[in-house]
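Listed below are the residues making up each chain.
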Amino acid sequence: MRSTKNNIDKQIDYGVLLPVFLLSIVGMASYYVALTHDVRPQNISQLMIQQGIWYVLGGIVIFLVMQFSPKMVWKLTPIGYGIGIAVMTALLFYYDTYLADKTGSKNWFRFGSLTFQPAELMKIAFILMLAYIVTQHNITYRQKTEKSDWLLIGKMLLVTLPIAVLLKLQDDFGTMLVFIAILGGVFIMSGISWRIIIPTAAVLIVLSLLILFLVTTDGGREMLYKVGFKSYQFARIDSWLDPFHDPTGNSYQQAQALKAIGSGGLFGKGYNQSEIFVPVRESDMIFSVIAENFGFLGSIFVIVLYFILIYRMIRMCFDTNNEFFTYIATGVIMMILFHVFENIGMNIGLLPLTGIPLPFVSQGGSAILSNMIGVGLIMLMRYQYSSGKDLQPIY
């Protein structure tokens, strides 16, 4: 009996599960505060139960994903990617019109009182597909050359392009940034020569600075209007550059979030003590709830949990020599890391508002399931390795 327990302990990394569990508790507690102090009339009990069900389903998903064999994951990857593209294409015709009018993005299905965002699960399909392509390419081209590197870049861009087009049609620029972060992480880890990576990074930095210059000048904005930028996107930039330039209008959300975070001080006001209203606090601005209730120390505690989670995921990569799963882990880490950086950054005014949720904490079943599947894939890597199953070869 003791031997069986020891084997199970070796197969399960509690250093990953514990931060996820604690962040989920923080999420439920913060969600309750956000609902309690919302000005909109809502059935708080029903919404809390729904959110709790998503967390339970997420835990079940982690367990189920761990049971997959590496070969099965490999074989299902192209199929999953194809299904994801088909579902996102269907979204262009069957999107939720109410949320589209409210947010400006056509990225939700509606099933009764439930909404579903396919792009969240597409992140996982994209991670798997990138890992599949890079691994297959590296098997084919054992001797790397500049030509083979450019071929790999072309393959990676080829599977990214349909997603970029669909997200553009859905007016979901924020989510596209997540896919770019995932692509960037796998791109760096793929073995491509630094003679290509460094110039590419330099070009991207120059383009970013150019865009920043354009959005802060009148002439630049006229140019960006012509290529498809929207007024609300410029409003978000203005709110980022000066959160209090229009505190009762376009920058109201940003200004209120900063007030709430600042009012929390070092120790916070105490649980469920909220005096400053912040719009959409249950999802995009959930970090302002944590900061106001638990202050700087509570905020640091949450950030430390993310650091522990990401550190343990990185450590798992060193526990197995499987290339496919290493790229999967890279994609999952980049997905979670970018979400954390962007969400907290926009809450504290460091970055513009983009509608990116805080992993395992923000309201939203699609995002919770996506993150839990990512954790499940990481746990699968450890589970299969520690159980003595051969991860090589799986292709």
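Basis of the calculations
Residues numbered from 1 in each chain as written. Predicted model: local features only at pLDDT ≥ 70, side-chain atom pairs only at ≥ 80, totals over all residues. Heavy atoms only, no water. Helix = DSSP H or I, 4+ residues; strand = E, 2+ residues; numbered from the N terminus. Rg over C-alpha atoms; globule rule 2.2 N^0.38 Å. Buried < 20%, exposed > 50% of the residue type's maximum accessible area, 1.4 Å probe, protein only. Lys, Arg positive; Asp, Glu negative; His and termini not counted. Charge placed at Lys NZ, Arg CZ, Asp CG, Glu CD. Core = buried A, V, L, I, M, F, W, Y, C linked by side-chain atoms within 4.5 Å. Salt bridge = Lys/Arg side-chain N within 4 Å of Asp/Glu carboxyl O. Expected span 1.5 Å × (residues − 1). Polar contact = N/O pair within 3.5 Å; in protein donor to acceptor, adjacent residues only side chain to side chain. Axes fitted to C-alpha atoms, helices over the stretch in contact; angles between N-to-C directions. Parallel < 35°, antiparallel > 145°, perpendicular 65-115°, else oblique. Left-handed = near helix turned anticlockwise from the far one by under 90°. Contact = heavy atoms within 4.5 Å. Nonpolar A, V, L, I, M, F, W, Y, C, P; charged D, E, K, R; others polar.

Visitor: I'd love a proper account of the overall build of the protein, names of residues and values included.
Guide: Helix and strand counts for the protein stand at 15 helices and two strands. Relative to a compact globule of 395 residues, whose C-alpha radius of gyration would be 21 Å, the protein shows 22 Å and is just as compact. Dimensions of the protein along its principal axes, counting C-alpha atoms only, are 60 × 60 × 40 Å. Counting every position in the protein, which comprises 395 residues, the buried fraction comes to 49%. Across the protein, the centroid of the 27 positively charged side chains sits 10 Å from that of the 23 negatively charged ones.

Visitor: Summarise the nonpolar core; cite the residues concerned and give the values.
Guide: Within the largest apolar cluster, 88 residues are counted, with the highest numbers of intra-cluster contacts made by I328 and F360. Grouped together as the second largest cluster of nonpolar side chains are seven residues, A257, I276, M285 and M346 included.

Visitor: Could you give me a rundown of the pattern of salt bridges, with the residues and numbers involved?
Guide: If you walk through the whole model with that rule in mind, you get four salt bridges. Between E275 and K269 there is a salt bridge, with the nearest N and O atoms lying 3.5 Å from each other. One salt bridge connects K269 with E292, and the closest N-O pair in it is separated by 2.7 Å. Here K269 is found in the loop between α12 (252-263) and α13 (286-318), whereas its partner E292 is found in helix α13, with 23 residues between them in sequence. For E292, a relative accessible area of 0% translates into the label buried.

Visitor: Run through helix α14 (residues 323-347), naming residues and quoting values.
Guide: Given 3.6 residues per helical turn, the α-helix brings residues three or four places apart onto the same face. Between its first and last C-alpha atoms α14 spans 36 Å; for 25 residues at 1.5 Å apiece the expected length is 36 Å, and the two agree. Across the 25 residues that make up α14, a large majority, 21, are buried. Where α14 begins, the capping side chain belongs to N322, and its oxygen is found 3.2 Å from the backbone nitrogen of F324. Once α14 finishes, G349 follows within two positions and takes phi at roughly 85°, a positive value.

Visitor: Can you tell me about the packing of α13 against α14, naming the residues and giving the values?
Guide: Running from N to C, α13 and α14 cross one another at 165°; their axes reach a closest spacing of 11 Å. The pairing of α13 with α14 is recorded here as roughly antiparallel in orientation. Where α13 crosses over α14, the two elements pack in a sense that is left-handed. Here α13 contributes I286, F287, S288, I303, Y306, I310, M313, I314 and C317 to the contact with α14, which in turn contributes A329, V332, I333, I336, L337, V340, N343, I344 and N347. Here the contact of α13 with α14 is composed, by residue class, of 15 nonpolar, three polar and no charged.

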